[in-house]
Amino acid sequence: MSPLDELVGLLGDGLVTDRDVTDGYRHDKAIWAVGGWPLAVARPSSTAEVQELARWAARHGVALVPRGAGTGVAGGATAIHGCVVVSFERMSRILAIDEAAMLAVVQPGVINGDLKAAARERGLWYPPDPSSYAMSSIGGNVATNAGGLCCVKYGVTADYVLGLEAVLADGTVIRTGGRSRKDVAGYDLTRLLVGSEGTLALVTEITLRLRRPPPPSATLVATFGSLEASGRAVAAIVRSVDASLLEIMDRTAVRAVEAHARLELDTEAAAMLIAQSDAPGSAELGRMQEACEGAGATMVLTTEDESEGQMLLMARRLALTALERLGTVLVDDVAVPLPQLPEMFRRIDAIVAESETMVGTVAHAGDGNLHPLVVFDRNDAAAEARAVAAFEAVMAQALELGGTITGEHGVGTLKCAFLARQVGAASLALQRRIKAAFDPGGILNPGKVIGPPPGNPGNPGNPGKRPGGDPT
């Protein structure tokens, strides 16, 4: 019996080999990393099936590439040649919502927005809200430690993960953490697995903390004559209040959204800041207004009407969609210390001028987390080369300012080459030893995050040309 026939016997209709189907599982939204051809796509429906799959892969030395909803933008779910893509789309049940303990237990394929809705029906709230919350999975959010618009006050995915069930590369099932809000027994394996992008284990169950819903939010919108001025406003706001949301869009992003959605935005402003406060009363909103005016805002508007606030937020959530109408978009994701935010905006402007490339920047500004969205014509090789240079220059400048190459999207395949530059050789070597302890055979999402093993500079499986050509 061939290894593939053996796997069919284990998973039945949970295994797909039809190339017309597997083609859709070769890559996520990261267009740089065109996927190799997987041997098959596995769609397990239980932890037991994931165990059987892992044992099979360990026996035959076949790579397993886990996949959530395919919304990642760093290439973390990019298939490699001859792998089995492990899609968790069938493991999509909310197993429990415990109102008394204020927690939820879910399978990894549950969509973030569906969990929010289910929690809301019980008078509870799951805060992490990546822009893709309507379509991204909780498992994918855990894999990258996703953030979102409200994380400036309420934290990122890791702040809500109480415990995990996960399958190791040899098929062993482990449980980390639990249902307690405080737990310091042993090493914190939960925190280690969150953000590991499927390179250490296959997460099959997630226990999440829930909160009471926040009070209604008041919203402020301000425009500025320069991005640096908007950055100064953010720094002043963060020092004075606990904003529940603090976002910035540059002129390029604002103009793209206005052309797409006709929201009557100010397309002449260099930057638009959107801030919210859910603190009782209007004191915080007043202090945010003062901060904006002190930084030289050209216009400041406020509203305590939640529906109006959500309509204003629509502009921010539409930024990527609007820019994708103008060309292929490389989504960058860097973060810098808050005092460096104005300087990072200035350096992005310089990169745009030097590379002659369109870049629309949006930012979770209260965290210093910026998303320069690099737009180019994929059919123009010279434009593509300039876009690549701009993408990499943004990471280099963030590191120079004491920041990071990724704030919430993960390293995936796209940023492996920059990881050593940020963390150093000793730290990277330690991370590789941790990977080897969890996955001695190197079969779990190989080549991602920490890159290929030393002495093997190629990406395992040769997934394809960078950034957008046909697979080799």
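In the block above lies the structure referred to throughout.
This report concerns the structure included in the present document. Bear in mind that the values here come from a model prediction, so they are computed numbers and not experimental data.

1. Details of the sheet that holds strand 2 (residues 40-42)
(1) Moving on: One open sheet holds the four strands; their spatial order is 1-2-4-3, and the pairing between them is mixed. Lying at the two open borders of the sheet, with one neighbouring strand each, are strand 1 (15-16) and strand 3 (64-67).
(2) Moving on: Relative to strand 2, strand 1 runs antiparallel, the two sharing two bridges. Following the sheet pairing, Leu15 is matched in strand 2 by Ala42.

2. Looking at the layout of surface pockets
(1) Moving on: In this model, the second largest pocket occupies a volume close to 570 Å³.
(2) Moving on: Those elements that provide at least two residues to the lining of the second largest pocket are helix 7 (189-193), helix 15 (416-423) and helix 16 (425-438).
(3) Moving on: The residue inventory of the lining of the second largest pocket, partitioned by class, reads 12 nonpolar, 12 polar and five charged.

3. Looking at a nonpolar patch on the surface
(1) Moving on: Together, Tyr187, Leu189 and Leu192 give the surface a local cluster of nonpolar side chains, amounting to about 340 Å² of exposed area.
(2) Moving on: One can find Tyr187 in the loop between strand 8 (173-177) and helix 7.

4. A look at the sheet that holds strand 6 (residues 103-106)
(1) Moving on: Pairing in this open sheet of five strands is antiparallel, and the strands run 5-6-9-7-8 from one edge to the other. One side of each edge strand has no neighbouring strand; the edge strands of this open sheet are strand 5 (94-98) and strand 8. With direction set aside, neighbouring strand axes in the sheet form an average angle of 10°.
(2) Moving on: Note: strand 6 against strand 9 (residues 202-209), four bridges, orientation antiparallel. The residue of strand 9 that forms the bridge with Leu103 is Arg209.
(3) Moving on: Packed onto the sheet, helix 3 (residues 47-60) meets strand 7 (161-167), strand 8 and strand 9 and runs at close to 50° relative to strand 7.

5. Some thoughts on empty space enclosed by the protein
(1) Moving on: Applying the stated criterion to the full structure yields two cavities of 30 Å³ or more.
(2) Moving on: Of the volumes computed, that of the largest cavity is approximately 60 Å³.
(3) Moving on: The wall of the largest cavity is formed by Lys29, Ala30, Ile31, Trp32, Val73, Val329, Leu330, Val331, Phe391 and Leu414.
(4) Moving on: For the lining of the largest cavity, a count of residues per class yields nine nonpolar, no polar and one charged.
(5) Moving on: Considered as a void within the structure, the second largest cavity measures approximately 40 Å³ in volume.
(6) Moving on: Surrounding the second largest cavity, Val73, Ala74, Val331, Asp333, Phe391, His409, Gly410, Leu414 and Lys415 form its lining.
(7) Moving on: Among the residues making up the lining of the second largest cavity, the classes are represented as five nonpolar, two polar and two charged.

6. A word on the pattern of salt bridges
Where side chains of opposite charge bring their charged atoms close, a pairing between them can arise.
(1) Moving on: If you walk through the whole model with that rule in mind, you get 19 salt bridges.
(2) Moving on: Between Asp23 and Arg26 there is a salt bridge, and its shortest N-O distance comes to 3.0 Å.
(3) Moving on: Note on Arg26: relative accessible area 7%, which makes it buried.
(4) Moving on: Two residues, Arg316 and Glu247, come together in a salt bridge whose shortest N-O distance is 2.7 Å. Here the residue Arg316 occupies a position in helix 11 (residues 306-317), and Glu247 occupies one in strand 11 (residues 245-250), the gap between them amounting to 69 residues.
(5) Moving on: Residues joined in a network through salt bridges with shared partners are Glu343, Arg346, Arg347 and Glu400.

About the thresholds
Residues numbered from 1 in each chain as written. Predicted model: local features only at pLDDT ≥ 70, side-chain atom pairs only at ≥ 80, totals over all residues. Heavy atoms only, no water. Pairing = 2+ DSSP bridges. Helix = DSSP H or I, 4+ residues; strand = E, 2+ residues; numbered from the N terminus. 1 Å grid on protein atoms, 1.4 Å probe; cavity = no way out; pocket = protein on both sides within 12 Å on 5 of 7 lines; lining within 4 Å. Points joined across faces, edges and corners; volume = space filled by probe spheres on them. Nonpolar A, V, L, I, M, F, W, Y, C, P; charged D, E, K, R; others polar. Patch = residues over 30% accessible without salt bridge, like charges linked within 9 Å, V, L, I, M, F, W, Y side chains within 5 Å. Areas by Shrake-Rupley, 256 points an atom, 1.4 Å probe, with all protein chains shown as cover. Salt bridge = Lys/Arg side-chain N within 4 Å of Asp/Glu carboxyl O. Axes fitted to C-alpha atoms, helices over the stretch in contact; angles between N-to-C directions. Contact = heavy atoms within 4.5 Å. Buried < 20%, exposed > 50% of the residue type's maximum accessible area, 1.4 Å probe, protein only.

Honestly, it's all geometry; don't read function into it.
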